[in-house]
Amino acid sequence: MLWTCRVLCPQAGPSAGGWQPLSFDGGAFHLKRTGELTRALLVLRLCGWPPLVTHGLALQAWSQRLLGSRLSGALLRASIYGQFVAGETAEEVRGCVQQLQTLCLRPLLAVPTEEEPDSAVKIGEAWYEGNLSAMLRCVDLSRGLLEAPGPTGNILMQLKMTALTSTRLCRELTSWVRRLGASWELSPERLAEAMDSGRGLQISCLNAEQNQHLQSSLSRLHRVAQHAQAQRVRLLVDAEYTSLNPALSLLVAALAERWNRPGEGGPWVWNTYQAYLKDTHERLRRDAEAADRAGLAFGVKLVRGAYLDKEREVARLQGTQDPTQPDYEATNQSYSRCLELMLAHVSHRGPMCHLMVASHNEESVQQATKRMWELGIPLDGPVCFGQLLGMCDHVSLALGQAGYAVYKSIPYGSLEEVIPYLIRRAQENRSVLRGARREQELLSQELRRRLLGRGLGGPR
Ligand SMILES: Cc1cc2nc3c(=O)[nH]c(=O)nc-3n(C[C@H](O)[C@H](O)[C@H](O)COP(=O)(O)OP(=O)(O)OC[C@H]3O[C@@H](n4cnc5c(N)ncnc54)[C@H](O)[C@@H]3O)c2cc1C
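All figures in this text were calculated on a predicted structure; none of them were measured in a lab.

**Looking at the pairing of strand E2 (residues 155–159)**
Walk down a regular strand and you will see the side chains alternate between the two sheet faces.
Okay, so step 1: Most of E2 sits inside the fold, with five of its five residues counted as buried.
Okay, so step 2: Residues Ile155, Met157 and Leu159 point to one face of E2 and Leu156 and Gln158 to the other, with burial holding for every one of them.
Okay, so step 3: Taken together, the two bridges between strand E1 (residues 106–110) and E2 define a ladder with parallel strand orientation. Bridging across to E2, leucine 109 finds its partner in methionine 157.
Okay, so step 4: Across five bridges, the pairing between E2 and strand E3 (residues 233–237) is parallel. Across the sheet, isoleucine 155 pairs through a bridge with valine 233, a residue of E3.

Here's what the structure looks like:
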């Protein structure tokens, strides 16, 4: 059954009569079909089972051998792939997005390509050029989805920088950024100029091969950003490991020099800030103030951070200081302070400053909605919310029903491309999957209500 958005989506606008806390009690599940709720419950239960996450790739290979690739593929499609992935073809993605739009949710497409951070295999330029084509197609697909019926608004897409430039180069650049600090040699302005002119850039601390790869990477980034801006699609660059992030931020800053200028319609290239890092609040404050001083638009995706275990393990192995917050509570406090800082900037700078509250955490979401109301930030303005497809629908649906702009991060692609990516994501987000217990309770509650035939019943 296709419900029209007019029926389900309220008009966005400041709520009259004061701020009301959102209710994350699963009430909005009545909008979902029974089959979808059942699949969500089964898959979330499965993902909360640690051996499945730890040995996911081995189990997949084993099931392929035992059942054959057709049957094991069908099982995956009916379960994990169906729950967390939009599909393989543009048509399937469009179908999934149309369904989300009827529930007042918007797409944030993500191309699941990635290089292993510690990969010993040297990947050639052809791999990055292939990823560039996939990103350009993703821009077109994101733009095309706007034509589907449903709410419009900002079109956003995720961009993984290490799909376009090597982790080796990023690690090398990171070490030089740390050593040289703010110098002309490695300044965003210099990289932006090289991006624009396409002329060979010579960074003295890099060798000829690295300089060549940097120039090719800059050209790829320039092409994606140029195409995205032409198609009115905003690029949200993912944050990764601390061994890479300073280089990624340098590249984002170079893109921002060119694409976040005043008069261009707000930020086209956003960076991601991970609240679980000890230095994030200070960095965010510095970067927001620098953008304000330079008159550049500023876009931020604020997350807690996905690579906790690996960051800690690397610090332990290298005998260096752990860059992450000491515990979950400290990460929560950091997230809350970063959120406060960014909302103050949005309220001060208006559409020149955009924020995505990318979190499934109910308290963070409540804090954001309350402060938005107190600061007079419109519901469907420069602040939006982000959750992963297939996760925490009770939070996304409640936000969408209340008129906030909510995006679901949507990977798409073939089973072979996406399953290893999903398993890696699940390993990085073990704590989130374990924490999905509340969602499971709410799903069970709604299913029980339907089975016992109580209440109004929802779409079948
Ligand atoms: C739209 C979207 C985009 C995202 N993009 C990125 C990205 O670019 N880069 C990235 O790294 N992540 C990204 N993430 C994942 C994100 O960082 C979190 O891993 C995930 O959202 C869980 O955090 P939470 O706020 O949703 O939920 P919660 O369940 O409230 O928080 C879990 C998080 O708290 C932190 N935490 C848990 N235990 C501890 C502990 N003992 N000590 C310190 N901290 C702890 C960890 O960061 C953990 O992931 C994205 C998430 C979404 C929804």
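**Brief notes about the pairing of strand E7 (residues 383–388)**
Okay, so step 1: Buried residues dominate E7, accounting for five of its six residues.
Okay, so step 2: Note: strand E6 (residues 353–358) against E7, four bridges, orientation parallel. The residue bridging valine 357 from the neighbouring strand is phenylalanine 385, located in E7.
Okay, so step 3: After leaving E6, the chain enters helix H15 (residues 362–375) and then returns to the sheet as E7, a path that is right-handed.
Okay, so step 4: Taken together, the four bridges between E7 and strand E8 (residues 406–411) define a ladder with parallel strand orientation. Among the inter-strand pairings, glutamine 387 is bridged to a residue of E8, identified as lysine 408.
Okay, so step 5: Running through helix H16 (residues 393–401), the crossover from E7 to the neighbouring parallel element E8 is right-handed.

**A word on the side chain of serine 444**
Okay, so step 1: One can find serine 444 in helix H19 (residues 437–451).
Okay, so step 2: If sequence neighbours within four positions are ignored, serine 444 has contacts with Leu41 and Arg45.

**Digging into unusual backbone geometry**
Okay, so step 1: Phi is positive for arginine 232, close to 60 degrees, though the residue is something other than glycine.
Okay, so step 2: Arginine 232 gets classed as partly exposed once you look at its relative accessible area, which sits at 43%.
Okay, so step 3: Of note, the phi angle at cysteine 392 is positive, near 50 degrees, even though the residue is not glycine.
Okay, so step 4: Inspection of the secondary structure assignment puts cysteine 392 in the loop between E7 and H16.

Rules and cut-offs
Residues numbered from 1 in each chain as written. Predicted model: local features only at pLDDT ≥ 70, side-chain atom pairs only at ≥ 80, totals over all residues. Heavy atoms only, no water. Buried < 20%, exposed > 50% of the residue type's maximum accessible area, 1.4 Å probe, protein only. Helix = DSSP H or I, 4+ residues; strand = E, 2+ residues; numbered from the N terminus. Pairing = 2+ DSSP bridges. Right-handed = clockwise from strand over helix to strand, strands pointing away. Contact = heavy atoms within 4.5 Å.

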